[in-house]
Amino acid sequence: MAAEYKRILVGVDGSRQARRAIDKAIAVAVRNQAELIIVTIMSGGDYVGLGTDTQVGFGYVDQQVMDEARQDLEATVDKYRRKAQEAGVKEVVTSVFYGHAKVDLAKTLPKEYQADLIMLGATGVNVVERMLMGSTASYVVANAVCDVLIVRTDIHNQAKSLKTLPTD
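Residues numbered from 1 in each chain as written. Predicted model: local features only at pLDDT ≥ 70, side-chain atom pairs only at ≥ 80, totals over all residues. Heavy atoms only, no water.

A. Structural detail: the nonpolar core. Of all hydrophobic cores here, the largest spans 27 residues; its most connected members are Ile8, Val10, Val12, Ile22, Leu36, Ile38 and Met119. Per element, the largest residue contribution to this core is 7 residues, and it comes from helix H1 (residues 16–32). By size, the runner-up hydrophobic cluster in this structure holds 14 residues, among which are Ala115, Leu120, Val140 and Cys146. (Core = buried A, V, L, I, M, F, W, Y, C linked by side-chain atoms within 4.5 Å. Buried < 20%, exposed > 50% of the residue type's maximum accessible area, 1.4 Å probe, protein only. Helix = DSSP H or I, 4+ residues; strand = E, 2+ residues; numbered from the N terminus.)

B. How the structure looks around the sheet that holds strand E1 (residues 7–11). Read from one edge to the other, the open sheet built from 5 strands follows the order E3-E2-E1-E4-E5, with strand pairing classed as parallel. The sheet terminates laterally at strand E3 (92–98) and strand E5 (147–151), the two strands that pair on one side only. Put simply, the sheet's adjacent strands are angled 20 degrees from each other on average, direction ignored. Pairing of E1 with strand E4 (residues 117–121) involves 3 bridges; the strand directions are parallel. Pairing of Leu9 across the sheet is with Ile118, part of E4. Along the sheet, helix H3 (residues 101–113) contacts E1, strand E2 (35–42), E3 and E4; its crossing angle with E2, the most-contacted strand, is approximately 145 degrees. (Pairing = 2+ DSSP bridges. Axes fitted to C-alpha atoms, helices over the stretch in contact; angles between N-to-C directions. Contact = heavy atoms within 4.5 Å.)

C. The arrangement of the pattern of salt bridges in detail. For the coordinates displayed, the defined rule picks out 6 salt bridges. Note that Asp23 is salt-bridged to Lys83, the shortest N-O span being 2.5 Å. Taken together, the positions of Asp23 in helix H1 and Lys83 in helix H2 (residues 63–87) put the pair 60 residues apart, joining distant regions of the chain. Of the charged contacts in the structure, one is a salt bridge between Glu74 and Arg70, with a shortest N-O distance of 3.1 Å. Linking Glu74 with Arg70, this pair stays in helix H2, spanning 4 residues, or about one helical turn. By relative accessible area, Glu74 is classed as partly exposed at 36%. Taken together, the shared-partner salt bridges connect Asp78, Arg81 and Arg82 into one network. (Salt bridge = Lys/Arg side-chain N within 4 Å of Asp/Glu carboxyl O.)

D. Expanded view of H3. Between its first and last C-alpha, H3 extends only 16 Å over 13 residues, short of the 18 Å set by a 1.5 Å rise per residue. Of all the bends found along H3, the most pronounced is centred on Lys107 and spans about 30 degrees, while Pro110, a proline, follows it within four residues. Within H3, burial applies to Lys102, Asp104, Leu105, Ala106, Leu109, Pro110 and Tyr113. Looking one or two residues beyond H3, the residue adopting positive phi is Gln114, at roughly 55 degrees. (Expected span 1.5 Å × (residues − 1). Bend = angle between axes of the 7 residues up to and from the residue.)

E. View of the pairing of E1. For E1, a buried count of 4 out of 5 residues is recorded, marking the element as mostly surrounded by other parts of the structure. Of the pairings in the sheet, the one linking E1 to E2 comprises 5 bridges and is parallel in character. If you follow Val10 over to E2, its bridge partner there is Ile38. Between the parallel elements E1 and E2, the chain passes through H1 in a crossover that is right-handed. (Right-handed = clockwise from strand over helix to strand, strands pointing away.)

F. Examining unusual backbone geometry more closely. Phi angles above zero are rare outside glycine, and Gln33 is one such case at about 50 degrees. On the secondary structure map, Gln33 appears in the loop between H1 and E2. Judged by relative accessible area, Gln33 falls into the exposed class, the value being 70%. At Asn157, a residue that is not glycine, the phi angle is positive and equals roughly 60 degrees. Within the secondary structure, Asn157 is located in the segment after E5. Relative accessible area serves as the criterion here: at 53%, Asn157 is assigned to the exposed category.

Here it is as structure tokens:
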């Protein structure tokens, strides 16, 4: 029996992997006549020490930098919302959430939106970052409260990042 998903949560961050995930999430939402929930998560740690005010000490988060980042992220999710609606998704919800991406994508947001599927792009971090902190995708797979689909290929199931496809 094939699962029919009704509330699909897709996490985006503007990366190539996220663009692949949103394209596939739109296709799944159309096929299942499902609601699509497009979210991105801001973490204060990403913005520590950034900004033009150099008179403050370590650990300072410049509010202007945060506001500009939020506007950029809102524009990104709005672009994805329009794309989903143009493709035929009837219900699209977007959110720029402030928090911790791993935990919020695995637990908080799926519960809040009653999602039955989480879709994410494969890890965008390098090997060292993955060893030190683990990838968001890995954490979500291990801790999610619902099904998770990790997107590694484009909408045509082609692995664009490979120079040549492996042969048997």
